[in-house]
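# Geometric and topological summary
Here are the chains, one letter per residue:
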Amino acid sequence: MNYTFSNKIANLKPSAIREILKAPATPDTISFAAGNPAPESFPVEDMARISASIYAESPTLALQYGATDGYTPLRDLIAKRQKAKFNIGKSIADGDAFDDTTMIVSGGQQGIELACKVFCNEGDAVICENPTFIGALNAFRSNGATPVGVTLEDDGMNIEELEETIKNTPNAKLIYVIPNFQNPAGICTSYEKRVRIYELAKKYGLMILEDNPYGELRFAGEDIPSIKSFDDEGIVIYCSTFSKILSAGMRVGFVIAPDTVASKMVVSKQTSDVHTNLFFQILCYRYMTECDLEGHIEDIRKIYRHKCNLMLECLERDMPECIKFTRPEGGLFIWGTLPDGIDANAFIKAATERNVRIVPGATFNCDTEAPSQSFRLNYSTPSDEQIIAGVKVLGELAREFV
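Residues numbered from 1 in each chain as written. Predicted model: local features only at pLDDT ≥ 70, side-chain atom pairs only at ≥ 80, totals over all residues. Heavy atoms only, no water.

### A short note on the overall build of the protein
Selection criterion: Comment: elements are numbered from the N terminus, with helices defined as DSSP H or I runs of at least four residues and strands as E runs of at least two. Here the globule rule is a power law, 2.2 Å times the number of residues to the power 0.38, and the radius of gyration is based on C-alpha atoms. Buried, partly exposed and exposed residues are distinguished by accessible area as a fraction of the type maximum, computed with a 1.4 Å probe on protein chains only: under 20%, between the cut-offs, and over 50%, respectively. Only heavy atoms enter the contact rule, under which two residues are in contact if any of them lie within 4.5 Å. The protein chains shown are the only cover counted for residues, whose accessible areas, like all others here, come from Shrake-Rupley with a 1.4 Å probe. Two residue types count as positive, namely Lys and Arg, and two as negative, namely Asp and Glu; His and chain ends fall outside the count. Each charge is placed at NZ for Lys, CZ for Arg, CG for Asp and CD for Glu.
For the protein, the helix and strand inventory stands at 14 helices and 14 strands. Taking 402 residues into account, the globule formula puts the C-alpha radius of gyration at 21 Å, and the protein, at 21 Å, falls close to it. With the C-alpha coordinates aligned to their principal axes, the bounding extent of the protein is approximately 65 × 55 × 55 Å. Residues counted as buried form 55% of the 402 residues belonging to the protein. Pairs at least 24 residues apart make up 79% of the contacts formed inside the protein by residues separated by at least 6 positions. Summing over all exposed atoms, the protein offers an accessible surface of approximately 17,400 Å²; the carbon and sulfur share of this is 51%. Charge-centre separation for the protein: the mean point of 40 positive side chains lies 2 Å from the mean point of 54 negative side chains.

As structure tokens, this is what we get:
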């Protein structure tokens, strides 16, 4: 049978990260390729206790269909916490020009996909940091939208290039940005650039999709206000998740958006999965109300502070000085860049042959044909011993290539 796939899917490539992760591995394989939370960060005992209680006390509620926009107690609690802690969420009752709505989605990935789906027609464009999250790029492409990249600098998008890109992309509908500990680069967008991104979106009539899965994982430096926190025009869709602070496998995320926008996203979600897993929504709510969520997040920050510092120390010791690395203040990733003239693909292939897996930087480019001298390292998943041993192998290889 010769299959004729839709235009949206025919040229869609699988995530290189997922392909790396499913490739055969030996017991001595060291993977810096994942974006998974540290296994020791899961609150297993509390979750087991709460799960048993849910099944004992309200099994029908947990196992039945639920509302598309989410479990109401969880939605209300998230909205309250986001407003109190991060000043996210507008209300006409508080004198704002519009109401924000909180809805539950099946992981942050679905929030990204829904935002694109409700704003982009086939042939429209989404302006993105370049490089950026491969899951977002595929979500945009699968909806017929074209990602258009703007150079990512050490403190966020190049603002002059962003404005020129907006001017030259009349079919742009969204600006997609990961302001905190960006995936893959690990950098934070400065406050000044957050303000400028918002001003440009307002000036040119674009929506902003602010993706913040890592914001609560800051282990150094000072918090920077989200773009959504100063949204007074109703042009920011804020997307976050419990994946990095409770469990990635639960697939529970949330979106905070102007009510009119959220209503369209809810309708779109109904055609996809009807509603997010209700059991895990209840589990999230119970954990937030019965356990010390803030203390748990602080414990995760300590884990990642240690792992990140360890990897950076190893990189400084084992890698040639000509190879540059970002120094993240939170999140899960370090971005390495080889000097020009070094064959990045050959370096990554050689690392794989030595049982150390890293993700090629080209994976994250908006232009799938563009080369990259960079690669992404993850420090949250490997053990301390694996970090030390894996970076040593990379250092040995790098010296051979340099």
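### Quick word on the nonpolar core
Put simply, the test is: Throughout this description, the term nonpolar core refers to a set of buried Ala, Val, Leu, Ile, Met, Phe, Trp, Tyr and Cys residues connected via side-chain atoms within 4.5 Å.
Of all hydrophobic cores here, the largest spans 122 residues; its most connected members are Phe 32, Phe 140, Leu 162, Ile 175 and Phe 242. Here this core takes eleven residues from helix 12 (residues 293–318), the largest share from any one element.

### Observations concerning the environment of Met 103
Along the chain, Met 103 falls in strand 2 (residues 100–105). Residues Met 103 and Asp 155, spaced 52 residues apart in sequence, show a C-alpha to C-alpha distance of 30 Å. Apart from the residues within four sequence positions on either side, Met 103 is in contact with Asp 69, Arg 75, Leu 114, Gly 253, Phe 254, Val 255, Ala 262, Met 265, Val 266 and Lys 269.

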